[in-house]
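# Fold and contact review
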Amino acid sequence: MRKPGGSAVLVISITLLALSASGQATAVFAKANAEYAAGHFQLAIDGYESLVRSKQWNAVLFYDLGNAWFRKGDPGRAILQYERALALDRQHPEAQANLRLVRDEARALELPKTVADRYLDFASPTQYVWTAALAFWVAVFALALLLLGSRRSSSTMVLLASALLVCGGAAFAYYTIENGPHGSAVAIVTAKNIEARLATADNAGAVLVLPAGSEVKILSKRGEWVYAALPNNLSGWIPAASAELIRL
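These numbers were taken from a predicted model, which means no experiment stands behind them.

### Observations regarding the overall build of the protein
- Per the secondary structure count, the protein includes 8 helices and 7 strands.
- Out of the 248 residues belonging to the protein, those deemed buried represent 38%.
- Long-range pairs, those at least 24 residues apart, make up 56% of the contacts in the protein with a sequence separation of at least 6.
- Approximately 14400 Å² of the protein is accessible, and the part contributed by carbon and sulfur atoms is 62%.

### Describing the side chain of histidine 92
- Within the secondary structure, histidine 92 sits in the loop between α4 (75–88) and α5 (93–106).
- Among the polar contacts made by the side chain of histidine 92, one reaches the main-chain amide nitrogen of alanine 95 at a distance of 3.1 Å.
- Ignoring sequence-local partners within four residues, the contact set of histidine 92 consists of Ala59, Tyr63 and Leu86.

### Let's talk about the side chain of asparagine 67
- Here asparagine 67 is to be found in helix α3 (residues 59–71).
- By relative accessible area, which is 12% here, asparagine 67 ends up buried.
- Beyond its immediate sequence surroundings of up to four residues, asparagine 67 is in contact with Tyr36, Tyr82 and Asn98.

### Some thoughts on the packing of aromatic side chains
- The final tally for this structure, using the stated rule, is 5 aromatic pairs.
- Their ring planes at 75° and their centres at 5.3 Å tell us that phenylalanine 136 and tryptophan 137 sit as a pair that is edge-to-face.
- Taking relative accessible area as the criterion, phenylalanine 136 reaches 43% and is therefore assigned partly exposed.
- The lysine or arginine in question, arginine 77, covers the ring of tryptophan 69, its NZ or CZ lying 5.5 Å from the ring centre.

### Side note on helix α8 (residues 154–178)
- An ideal rise of 1.5 Å per residue puts 36 Å on 25 residues; α8 measures up with 36 Å between its terminal C-alpha atoms.
- Those residues of α8 not exposed but buried are Thr156, Leu160, Ala163, Cys167, Ala170, Ala173, Thr176, Ile177 and Glu178.

### Concerning the nonpolar core
- Of all hydrophobic cores here, the largest spans 28 residues; its most connected members are Tyr48, Leu65, Ile79, Tyr82 and Ala85.
- Contributions of two or more residues to this core are made by α1 (6–37), α2 (41–53), α3, α4, α5 and β1 (186–189).
- In contact with isoleucine 79, other than residues within four places in its own chain, are Leu99, Val102, Arg103, Ala108, Ile188, Ala212 and Gly213.
- Core analysis: the second largest hydrophobic core is formed by 12 residues, Ala187, Ile194, Ala196 and Leu210 among them.

### Description of the confidence of the model for the protein
- Scored by pLDDT, the protein has a mean of 85; 86% of the residues are at 70 or more.
- Scored below 50 in pLDDT, residues 1–19 makes 1 contact in the model with residues more than four places away or belonging to other chains.

### What about the environment of arginine 103?
- One can find arginine 103 in helix α5.
- On a C-alpha basis, the gap between arginine 103 and alanine 212 in space is 9.0 Å, while along the polypeptide they are 109 residues apart.
- Not counting residues up to four positions away in its chain, the partners in contact with arginine 103 are Ile79, Glu83, Ala108, Glu110 and Glu215.
- In terms of polar contacts, arginine 103 uses its side chain to reach the side chain of glutamate 215, at 3.4 Å.

### Looking at the pattern of salt bridges
- In the structure shown here, the tally under the stated rule is 7 salt bridges.
- With its nearest N and O atoms 3.4 Å apart, the salt bridge here joins arginine 103 to glutamate 215. Of the two residues, arginine 103 sits in helix α5 while glutamate 215 sits in strand β4 (residues 215–222), which places them 112 residues apart along the sequence.
- We classify glutamate 215 as buried; its relative accessible area is 1%.
- The closest approach of N and O atoms between glutamate 195 and arginine 197, which form a salt bridge, is 2.5 Å.

### Topic: the packing of α3 against α5
- With their axes 11 Å apart at the nearest point, α3 and α5 run at an angle of 25° to one another. Between α3 and α5, the interaxial angle falls into the category roughly parallel. Handedness of the α3/α5 crossing: left-handed. In contact with Tyr63, Asn67 and Phe70 of α3, α5 contributes Glu94, Ala95, Asn98, Val102 and Glu105.
- Counted by class, the contact of α3 with α5 contains 4 nonpolar, 2 polar and 2 charged residues.

Thresholds, definitions, all that
Residues numbered from 1 in each chain as written. Predicted model: local features only at pLDDT ≥ 70, side-chain atom pairs only at ≥ 80, totals over all residues. Heavy atoms only, no water. Helix = DSSP H or I, 4+ residues; strand = E, 2+ residues; numbered from the N terminus. Buried < 20%, exposed > 50% of the residue type's maximum accessible area, 1.4 Å probe, protein only. Contact = heavy atoms within 4.5 Å. Areas by Shrake-Rupley, 256 points an atom, 1.4 Å probe, with all protein chains shown as cover. Polar contact = N/O pair within 3.5 Å; in protein donor to acceptor, adjacent residues only side chain to side chain. Phe/Tyr/Trp six-rings, centres within 6.5 Å; stacked < 30°, edge-to-face > 60°. Lys NZ or Arg CZ within 6 Å of the ring centre and 35° of its normal. Expected span 1.5 Å × (residues − 1). Core = buried A, V, L, I, M, F, W, Y, C linked by side-chain atoms within 4.5 Å. pLDDT = per-residue confidence, 0-100. Salt bridge = Lys/Arg side-chain N within 4 Å of Asp/Glu carboxyl O. Axes fitted to C-alpha atoms, helices over the stretch in contact; angles between N-to-C directions. Parallel < 35°, antiparallel > 145°, perpendicular 65-115°, else oblique. Left-handed = near helix turned anticlockwise from the far one by under 90°. Nonpolar A, V, L, I, M, F, W, Y, C, P; charged D, E, K, R; others polar.

Okay, structure coming up:
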């Protein structure tokens, strides 16, 4: 009987490690769910966040973590986790409903949305990237058919034009989202009633009071402060530790 070669052993080892890690993650998730059901919300949070730290990310995990923070009485972190769930799955109905509920209760402020933001909100940036990439390669294929074919086909030209249109539209959608209320620089205020200020000092003039769960867009950082775009089309400095980025 032949022994498997080095590459085969490596593949088998990686597969077993992946299965083992998956099994451990499932066990941790189940235990965290049991702690939540028993009313041990901090223990549930500890279990969910251990999975977040190990990058076992999915919308269900962040949704459950948001529920645990809400039951523990922390609306800012609950909103943060619901937003993270929606960043992975824009059509998660429970996360959408709970986000609206907690945001209304906390009176959290939102960044202004343009008409384009509202219409493009049904998909995630990753989905737009994949759409643009797929459309690009379809366009390359159609162009190759036109250049190498014996005659130009009208259907191939329509395919090329359609693919280029889809590629351009998806790229525009990605750019719009990245620079809008769901972009990579958008953060959630997790501390209570943070005062945005005109300068990086606790005694500087206040611009706006931000309830926990409010949205801000990080523009720059200076020491322990960040300069952010705020709701109501304002901007100001807030402590860096008072807000967390939605995108990990």
